[in-house]
Amino acid sequence: MMDYLVEFAVDVPESTAQAEVDERERAEAMAAAQLARDGHLLRLWREPAAPGESRAIGLYRAGSDAQLDGLLGALPLYDWMRVTITPLAPHPNDPEAAIDTGTPLPLPQLTRVYRLEATVGPPLELGDTAAGHRRIVPLTAGTFEGPLLGGGTLIPGVSADWQTILPDRTALGDIRYTLQTEAGHLLDVRSASVRHGSPEVLARLARGETVDPAEYTFRTTTRIETGEPSLDWLNKGVFVSVGGREAAGVIYETYLVA
C-alpha cells in the first residue's frame, strides 16, 4: 500500500441550485466515511480558502496510482474539484518508523455521525445502594442532525439515562434512547458513559448551572441498532460520544470509529 497527499479545491458552478449542492455535500460526507472505514482515507484537513471556495488536504492510502484515481473519481464532488496528488515515501528519520511496534495496524479515525440536543425531565431518585446513588433522568425531547444521517427527533418515553453517582460525584450512565430519522427509520442507541471532574465543577453541574464542557470529562462508548437495510452500517459500527450537560438538557456528539 502507498500513501498520498491529496489537495482539493472545490469550485461550484454559479448556476448550480443550492439543493444540489447540499445533496452532493451530504453524499460526499458519506463517501468519505466509507473510505475511512475501508482504510483509504487516513486524515482530512481544511485549508484556508478565499470566500466562496472550499479547500482541503487529505492523507490517502491505496494499492496503486490507478486505485487512488478510481477512489477519487467516484467522489460525488469530483467533477467540481481541482486535485493535486503527491505520492509519499518513507523517510529514514520518521519517528514512527524508528519504533519497532511489530505488525503495523491502521490508526483509528473518527467521523462525526450526528449531534443530539435533548431536554431532560426531573430525575427519579432511587436512592443510595451498595453501588452508589441511583437515579433515572428521562430524556423528554430532542433533535439530531449529522452529515451521515440527516436530521430527526428523539422519541420520549423510551429514552432515559440510568445513572449511578459515586461518592466523589462521578456519574456513571447507562443511556438508552430512540431516534427517528426524517425518513421514519428508528435507531436504538445505547451508551455507557462516565462524567467526572473537579469537586467544584461537579458541584456547579449538580446545582443545574451551565458549565463549559472543556472543564470536565463526559464520554461514552455507544452502540446503534436499526432494522433499516440502508443504515445497516450502523449495526456494524463502533461509536464514541462526547457529552455536554446544560441547565435543562444534554448534548451528545457521536462519532464512528473507523
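A brief look at the structure comes next.

Rules used throughout
- Residues numbered from 1 in each chain as written.
- Predicted model: local features only at pLDDT ≥ 70, side-chain atom pairs only at ≥ 80, totals over all residues.
- Heavy atoms only, no water.
- Helix = DSSP H or I, 4+ residues; strand = E, 2+ residues; numbered from the N terminus.
- Buried < 20%, exposed > 50% of the residue type's maximum accessible area, 1.4 Å probe, protein only.
- Areas by Shrake-Rupley, 256 points an atom, 1.4 Å probe, with all protein chains shown as cover.
- Lys, Arg positive; Asp, Glu negative; His and termini not counted.
- Charge placed at Lys NZ, Arg CZ, Asp CG, Glu CD.
- Phe/Tyr/Trp six-rings, centres within 6.5 Å; stacked < 30°, edge-to-face > 60°.
- Lys NZ or Arg CZ within 6 Å of the ring centre and 35° of its normal.
- Salt bridge = Lys/Arg side-chain N within 4 Å of Asp/Glu carboxyl O.
- Arc of directions from axis to C-beta.
- Contact = heavy atoms within 4.5 Å.
- Core = buried A, V, L, I, M, F, W, Y, C linked by side-chain atoms within 4.5 Å.

### A closer look at the overall build of the chain
Along its length, the chain carries four helices and 14 strands. With the principal axes as the frame, the chain shows a C-alpha extent of 65 × 50 × 35 Å. Counting every position in the chain, which comprises 258 residues, the buried fraction comes to 37%. Just so you have it, the chain exposes about 14,600 Å², and 56% of that area is on carbon and sulfur atoms. In the chain, which carries 22 positive and 36 negative side-chain charges, the distance between the mean positions of the two groups comes to 7 Å.

### Let's talk about the packing of aromatic side chains
For the structure shown, the criterion picks out four aromatic pairs. Ring centres of Phe218 and Tyr252 lie 5.9 Å apart, and the angle between their planes is 75 degrees; this geometry places the pair in the edge-to-face category. Taken together, the residues span a long stretch of sequence, with Phe218 in strand β12 (residues 216-225) and Tyr252 in strand β14 (residues 249-257) at a distance of 34 residues. Through a chain of ring-to-ring contacts, three or more aromatic side chains come together here, namely Tyr177, Phe218 and Tyr252. The residue whose ring lies beneath Arg176 is Trp162, and the NZ or CZ to ring-centre distance is 4.4 Å. A cation over a ring is seen here: Arg195 above Phe218, with NZ or CZ 5.7 Å from the ring centre.

### Focus: the pattern of salt bridges
Pairing is possible between side chains that carry opposite charge, provided their charged atoms lie close to one another. Evaluation of the coordinates by the stated rule reveals 14 salt bridges. Glu209 is paired through a salt bridge with Arg204; the nearest N and O atoms lie 3.4 Å apart. Residue classification places Glu209 among the partly exposed residues on the basis of a relative accessible area of 32%. Close ionic contact of Arg207 with Glu209 constitutes a salt bridge, the shortest N to O distance being 3.1 Å. Of the residues examined, Arg207 reaches a relative accessible area of 56% and is grouped as exposed.

### Section: the environment of Gly244
Structurally, the position occupied by Gly244 is in strand β13 (residues 238-245). Along the sequence, Gly244 and Arg195 sit 49 residues apart, while their C-alpha atoms lie 9.3 Å from each other.

### Observations regarding helix α2 (residues 65-73)
Leu68, Leu71 and Leu72 are the residues of α2 that are buried. Projected down its long axis, α2 shows its buried positions confined to an angular sector of 95 degrees, all on one face. Where α2 is buried, its residues contact β1 (2-10), α1 (18-37), β3 (54-62) and β4 (81-88).

### Observations concerning the nonpolar core
In this structure, Tyr114, Leu116, Leu149, Tyr177, Leu179 and Trp233 are the most contacted members of the largest nonpolar core, which totals 31 residues. Counting only elements with at least two residues in this core, the list comes to β5 (110-120), β7 (132-146), β10 (171-181), β11 (186-197), α3 (199-206), β12, α4 (232-236) and β14. Of the residues forming this core, the biggest block, five residues, is contributed by β5. Sequence-distant contacts of Leu116, that is, excluding residues within four places in its chain, are made with Gly142, Thr143, Phe144, Leu154, Tyr177, Leu179, Val250, Ile251 and Tyr252. In this structure, Ala32, Tyr60, Leu72 and Met81 belong to the second largest nonpolar core, which totals 18 residues.

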